[in-house]
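Chain residues, written in single-letter form:
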Amino acid sequence: MNDRSALSSRGGTAPRSALSVPAVEVTGVWKAFDSGRISVLEGADVTVAPGEMVALWGPSGSGKSTLLHLVGGLDRADRGEIRVLGQPLASEADRVRLRRRHLGFVFQLHNLIPDLTVAENCAVPALAAGRPAAETRARIDELTEAVGIAHRRGHRVQDLSGGERQRVAICRALMNKPDVILADEPTGSLDEETANKVFELIRDLVRREGAALLVATHERRFAEACDRILRVAKGRVLPL
Amino acid sequence: MTFSALIRVNLRRHWVRTGIGVAGIAFGCAAMLTILSIVLGAIGMFERILDTDSQVLVFERDVSDLFFSSVPGAAAVEIRTLPGVAAANPVLFGIVSAPDHPIITTFGVEHDNPRLTGATWIAGSAAAFGPADGAVLGERAAAFLKVTLGDSIPLGHSSFRVAGIVRTANGFEDGGVFLPLAAAQEFFHREGLSSIIAVKLTDTAGATTFKAEVARRFPKLIALENREFAQGYSQFRILKLTGWAVGICAFLLGGLGVANTMLMSVFTRIREIAVLRVCGFSKPQVARIIVTEALAMAVAGCALGLALGFGVLLAIQQVPQLHGYVQAVVSPLVLAGIVGTALLTALAGALYPALYATRIEPAEALRYE
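Attention here is on the structure that accompanies the text. Every chain is numbered on its own, with residues counted from 1 as its sequence reads. Each chain gets a letter, beginning with A, and each ligand a number, beginning with 1, in the order they are written. With the structure being a predicted model, the display of local features is reserved for residues of pLDDT at least 70 and the display and counting of side-chain atom pairs for 80 or more, all residues being used for whole-chain, interface and lining totals. Side-chain measures were taken over the full set of non-hydrogen atoms in the model, leaving aside hydrogen atoms and water.

This paragraph deals with the overall build of chain A. Scanning chain A for helices and strands turns up eight helices and ten strands. Two things to know: the radius of gyration comes from C-alpha atoms, and the globule rule equals 2.2 Å times the number of residues to the power 0.38. The C-alpha radius of gyration computed for chain A amounts to 17 Å, which stays within 12% of the reference 18 Å derived for 240 residues, consistent with globular compactness. Once the C-alpha set of chain A is aligned to its principal axes, its extents read approximately 45 × 40 × 35 Å. Here, two residues are considered to be in contact whenever any of their heavy atoms come within 4.5 Å of each other. Within chain A, contacts between residues separated by at least 24 positions form 73% of all contacts whose residues are at least 6 apart in sequence. To be clear on the numbers: accessible area is Shrake-Rupley with a 1.4 Å probe, and residue cover counts the displayed protein chains and nothing else. On chain A, roughly 9700 Å² of surface is accessible, and the fraction owed to carbon and sulfur atoms is 49%. Of note, chain A has its 34 positive side-chain charges centred 3 Å away from the centre of its 31 negative side-chain charges. Put simply, DSSP H or I for four residues or longer makes a helix, DSSP E for two residues or longer makes a strand, and each gets a number counted from the N terminus. Counting rule for charge: Lys and Arg are taken as positive, Asp and Glu as negative, and neither His nor the chain ends is counted. Note that the charge is assigned to NZ on lysines, CZ on arginines, CG on aspartates and CD on glutamates.

All names here are of chain B. In this analysis, axes come from line fits to C-alpha atoms, helices being fitted only over the stretch in contact, and the angle between any two N-to-C directions falls in the range 0 to 180 degrees. Where helix H12 (residues 283-318) contacts helix H13 (residues 332-358), the two axes come as close as 8 Å, and the packing angle between them is 150 degrees. In this view, H12 runs roughly antiparallel relative to H13, as classed from their interaxial angle. In this structure, H12 meets H13 at a crossing whose hand is right-handed. For the pair H12 and H13, the contacting residues are Lys 283, Val 286, Ala 287, Ile 290, Val 291, Ala 294, Leu 295, Ala 298, Val 299, Cys 302, Leu 306 and Phe 310 in the first and Leu 335, Ile 338, Val 339, Ala 342, Leu 343, Ala 346, Leu 347, Ala 350, Pro 353, Ala 354, Ala 357 and Thr 358 in the second. Considering only residue class, the contact of H12 with H13 consists of 22 nonpolar, one polar and one charged. Note that the term roughly parallel is reserved for angles under 35 degrees, roughly antiparallel for angles over 145, roughly perpendicular for angles of 65 to 115, and oblique for everything else. In this scheme the crossing of two helices becomes right-handed for a clockwise turn of the near helix relative to the far one and left-handed for an anticlockwise turn of less than a right angle. Basically, the charged four are Asp, Glu, Lys and Arg, the nonpolar ten are Ala, Val, Leu, Ile, Met, Phe, Trp, Tyr, Cys and Pro, and anything else, Gly included, counts as polar.

With that settled, the discussion passes to the interface of chain B and chain A. In this complex, chain B contributes 24 residues to the contact, which on the side of chain A involves 25 residues. A 1.4 Å probe defines the accessible area here, and the buried area is the portion of it lost by two parts on being joined, summed over both. In total, chain B and chain A occlude about 2300 Å² of area from one another, counting both sides; carbon and sulfur atoms represent 64% of this. For this document, the term salt bridge refers to a Lys or Arg side-chain nitrogen within 4 Å of an Asp or Glu carboxyl oxygen. Connecting chain B to chain A are two salt bridges. Note that Arg13(B) and Asp115(A) form a salt bridge whose closest N and O atoms lie 3.0 Å from each other. A 3.5 Å cut-off defines polar contacts: any pair of N or O atoms within that distance qualifies, except that in protein one atom must be a possible hydrogen donor and the other a possible acceptor, and neighbouring residues in sequence count only when both atoms are side-chain atoms. Counting every contact that joins chain B to chain A gives eight residue pairs in polar contact (both at pLDDT 80 or more). At the level of elements, helix H1 (3-13), helix H11 (270-278), H12 and helix H14 (362-367) of chain B are the ones that each hand at least two residues to the side of chain B that touches chain A. Per-element tally for the side of chain B that touches chain A: the top contributor is H11(B), with six residues. Considered class by class, the residues forming the side of chain B that touches chain A number twelve nonpolar, four polar and eight charged.

The next thing to look at is the pattern of salt bridges. For the coordinates displayed, the defined rule picks out 34 salt bridges over all chains. One salt bridge in this structure joins Glu145(A) and Arg153(A), with 3.4 Å as the shortest N-O distance. For every residue, the accessible area (1.4 Å probe, protein chains only) is compared with the maximum for its type, and the residue is labelled buried under 20%, exposed over 50%, or partly exposed between those bounds. A residue is classified by how much of its surface remains accessible, and Arg153(A), at 23% relative accessible area, is partly exposed. Ionic pairing is found between Arg221(A) and Glu219(A), a salt bridge with its closest N-O pair at 2.8 Å. In this structure Arg221(A) comes out as partly exposed when scored by relative accessible area, which is 34%. What you see here is one network of salt bridges that share partners, running through Asp115(A), Arg156(A), Arg13(B), Arg269(B), Glu272(B) and Glu293(B).

All names here are of chain A. Following both chains from N to C, one finds helix H4 (residues 118-129) and helix H5 (residues 133-147) inclined at 120 degrees, their axes separated by 10 Å at the closest point. Our classification of the angle between H4 and H5 gives oblique. Handedness of the H4/H5 crossing: right-handed. Contacts between H4 and H5 pair Val 118, Ala 119, Cys 122, Ala 123 and Ala 126 from the former with Thr 136, Ile 140 and Thr 144 from the latter. Among the residues forming the contact of H4 with H5, the class breakdown is six nonpolar, two polar and no charged.

Another aspect to go through is the side chain of Thr261(B). Residue and element names in this part refer to chain B. Its location among the elements puts Thr 261 in helix H10 (residues 234-267). Its relative accessible area of 5% is what places Thr 261 among the buried residues. Side-chain polar atoms of Thr 261 contact the backbone oxygen of Gly 257, separated by 2.8 Å. Leave out the neighbours within four places in its chain, and Thr 261 touches Arg 17, Thr 18, Gly 21 and Met 297.

Next up, the structure:
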């Protein structure tokens, strides 16, 4: 199966885990900031299989977020190659198409758009992708039911609690049925009880949707709840 | 959710800032509408002065302003004898001052000029017009000079007796003073001269022949049909250009307001725009949001500005002192020009903010949570 056929199979009835190409493939990636003075990644290698849940575990500043940004096409590597669903992130158009159709993001802070309602925030990726309104509405209903905030659909996000906001962010990430979810410390700003619930939600929903999950966390318990743990330290990504 | 909902929320969120942007466009629209309507109205009134009971104007060739045109009295006498000429009326234009009124337009005309014979006489009669010290005033001029029939009015270094008061449909004539041609020539030291000769033809089909005949007989004069004159007269063109230039300057200020509003809007939404990019918005989609917001402000500003402009014009025309003098003409072309300029201004004002928004690096914007 070539790159394009791997991409074109998403959204069909076949399980995504049946794809023959890795969901994420990072090979020898280097990334530095401040004109090369601050080296963050030094030859990082990561492979995530379709439907697999992989934790990037390491201390703050180890390069977990940078790696997620690179995989999401939000930033460009200095060296090395990154492929998502077998496709290199070569052009801006490639990166936009991947983010629009195949990737979902959850951040530590929810990063929701203020003054929009829960439903409107969930609909943002669908708007970018030009999905039909009826389909979008049905998906919002499905996802908000799944995360337990259906009764808050019409509320503005600033009226929600931190946990509720992060649930909205999860719905938004899953809106376009992505193949890969990139989560950057998704429980980092929540209290322990809420963090546990939110992480369980992410794990269950990602599993149910059949997507792959690459989650950055510094909390060991969440890392251990994933299929595999990769330790990020000194610019390298190593299996634990 | 739709793009328009996203734009509506963005505009509503900082409504004061949005309001300032809208106000900038609105004032530009109102200024342009008011200025152009008044200028075009004034030009229209001046055109009507010239084409009162005439189809062709004869004046000095290559003068920039009719006030500087000198047509010999003998030319009027000779033109009256040309075939196809029904009437030839010399008019000498001038500006005089009276106490508290520095600019009053005067018309030096003969006693049988159709401007007077065709006017409604409020006081006096056409028969009384002729003696050297008799002046006929337009109704508005009589009102602002506060004189009635028989009163004496000081004009410049001379004094004239009010020989009549007339009502005309034209604001300039209604606010002006008619002097006997000979008196006006003496007053302005232009003995034997007029500014123009308004020529009425027996048949307008003979205009071309008449113009050629004038060119042959009077090399220093030119004859133009009223339509040709209105299109080619440099003063009208200067006035129109000035009107548009002032209006566009007003719009430039409005455009700066839009640019400032949109730039501030982008600066305060850097993280939000980064999130949109993360959610799959392309750079052109982000630019479209910014540009559409600016255009929405322009549409609102246009509606508000046109309403304001029409209100100002209406108010000006209700002022008794200006009655008939300001005659607003709102042409579809002017309206289209104003709306087009407003949209272009908003578009130009949104370009840099839109460009800035597309250059936001999502990773950079989201790095520091």
